[in-house]
Amino acid sequence: MAGVVLKDIRKSYGQVKVLHGIDLDVAEGEFVVFVGPSGCGKSTLLRMIAGLETITAGEMSIGGKVVNDVPPSRRGIAMVFQSYALYPHMTVYDNMAFGLRIAHESKSEIDRRVRAAGDILQLTPYLDRLPKALSGGQRQRVAIGRAICRDPEVFLFDEPLSNLDAALRVATRIEIAKLKEQMPQTTMIYVTHDQVEAMTLADRIVVLSAGRVEQVGRPLELYENPTNLFVARFIGSPSMNIIPATVAEPGDPTLISLSAGRSVRVPIATPSAKAGEAASFGVRPEDLVLAKGDDYLLEGTVSLVEALGEVTLLYVDGPVGAEPMIAKLPGIVDVKKNDTVRLSADPGKLHLFDAAGKAFPKKR
Ligand SMILES: Nc1ncnc2c1ncn2[C@@H]1O[C@H](COP(=O)(O)OP(=O)(O)OP(=O)(O)O)[C@@H](O)[C@H]1O
Ligand SMILES: [Mg+2]
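Residues numbered from 1 in each chain as written. Chains lettered and ligands numbered in written order. Predicted model: local features only at pLDDT ≥ 70, side-chain atom pairs only at ≥ 80, totals over all residues. Heavy atoms only, no water.

Asks: It is not clear to me how the overall build of the protein should be interpreted in this structure. Could you clarify?
Replies: From N to C terminus, the protein includes eight helices and 20 strands. Taken along the three principal axes of its C-alpha coordinates, the protein extends 75 × 45 × 35 Å. Across the protein, the fraction of contacts at a sequence separation of at least 24, relative to all contacts at a separation of at least 6, is 64%. In the protein, which carries 42 positive and 43 negative side-chain charges, the distance between the mean positions of the two groups comes to 4 Å. (Helix = DSSP H or I, 4+ residues; strand = E, 2+ residues; numbered from the N terminus. Contact = heavy atoms within 4.5 Å. Lys, Arg positive; Asp, Glu negative; His and termini not counted. Charge placed at Lys NZ, Arg CZ, Asp CG, Glu CD.)

In structure tokens, the structure reads:
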């Protein structure tokens, strides 16, 4: 089985530079998820690992062997795409067996592998059906089954669930989580736009932006300790509230003044900061609570209430110049538009970033 190592991987299309030097070490059996905004280079990087795109510069190894010039068929990989593209005139069984027949596997070996994949993906009752008689989720499972049959060392997925409706996405996501348990030796690299998929499936998440790696870490590590403003905003939904601030007294804790005129002591050390330096103060919507009494962090006017039953989202017009803040409060909350609310948060849940957007690290 095989890990994947990327060393300073670069990609250009003519003059257009798409990836600017990606370093990444994916361990054997690890499930790594690539996330990032549209166009940041996720698919390009995955297709380079698959061998479907050339590598402009850098070194890529799979299972300890440099594969820069190894064709896709000899890399030990299988890839599942967003559009499942099954052969419409072939049964589920034949769709899964097709690649193995091309590779001249024996009939008994093909049968063994197709049935094993069907078993893993609960497709056994459908093996004789044509794709048109399957739901979208079942078809995507056949596409995954087709990849499993090839017994890959590295399994690549490019947004495999994005053509499915919400309920099927959840069901198929759970199938993929089970697949990971059943194939613990197989390295998996998965591209998605979906935060929940990233958070639930990944051993580690790679956040990409404009062809660069912003941060690599375990899902909750990225959530709790984003190392910069980009990751802070990208991970979590709704996004972290970011409020312009000034360092009033550097130290540990640090006293910051918010543009609204309030000062807050945050239990974060700022050894490199100087008094008067610009900073950004961050607090997640779900970490805000309605303040009792005069001890509050932020005050503002409610411009919109979204009552979802399970949670209530309050959009609060805060400091001048800052975007509206969002507070995500559990359950149903008795607050109306135009009410003035005071919000506070556990000091341990606050984030602080320097003028360049780099986080002052929180203590663990
Ligand atoms: N053949 C090509 N020629 C020139 N530019 C390309 C080519 N293929 C991709 N690009 C550019 O490379 C960048 C990265 O594309 P890529 O498909 O990897 O993005 P992505 O992160 O997968 O986006 P999405 O989330 O929308 O799928 C984009 O700006 C895209 O326009
Ligand atoms: Mg893509």
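Asks: Any chance you could explain the nonpolar core here in plain terms?
Replies: Soluble globular proteins: nonpolar side chains tend toward being buried together. In terms of nonpolar packing, the biggest core is built from 43 residues, with Met96, Val114, Ile144, Phe155 and Phe157 touching the most fellow members. Considering each element in turn, this core owes the most residues, six residues, to helix 4 (residues 136-149). Once residues within four sequence positions are removed from consideration, Ile144 is found in contact with Val80, Leu121, Phe155, Phe157, Ile176 and Leu179. Val4, Ile9, Ile55 and Val206 belong to the second largest nonpolar core, which has 30 residues in total. (Core = buried A, V, L, I, M, F, W, Y, C linked by side-chain atoms within 4.5 Å. Buried < 20%, exposed > 50% of the residue type's maximum accessible area, 1.4 Å probe, protein only.)

Asks: Please explain the environment of Asp8 as it appears in this structure.
Replies: Considering the arrangement of structural elements, one finds Asp8 in strand 1 (residues 4-13). Expressed as a C-alpha distance, the spacing of Asp8 and Asn225, which sit 217 residues apart in the sequence, is 25 Å. When near neighbours in sequence (up to four residues on either side) are disregarded, Asp8 contacts Gly21, Ile22, Asp23, Ala57 and Gly58. A polar side-chain atom of Asp8 sits 3.0 Å from a polar atom in the side chain of Arg10. (Polar contact = N/O pair within 3.5 Å; in protein donor to acceptor, adjacent residues only side chain to side chain.)

Asks: Looking at this structure, I do not really get the pairing of strand 1. What am I missing?
Replies: In the case of a regular strand, side chains alternate between the two sheet surfaces. Sheet analysis places strand 1 next to strand 4 (residues 57-62), joined by five bridges and oriented antiparallel. Looking at strand 4, one finds that Lys7 is bridged to Glu59. Hairpin remark: strand 1 followed by strand 2 (residues 16-26), antiparallel, with two residues in the connecting loop; positive phi at Gly14, about 60 degrees. (Pairing = 2+ DSSP bridges.)

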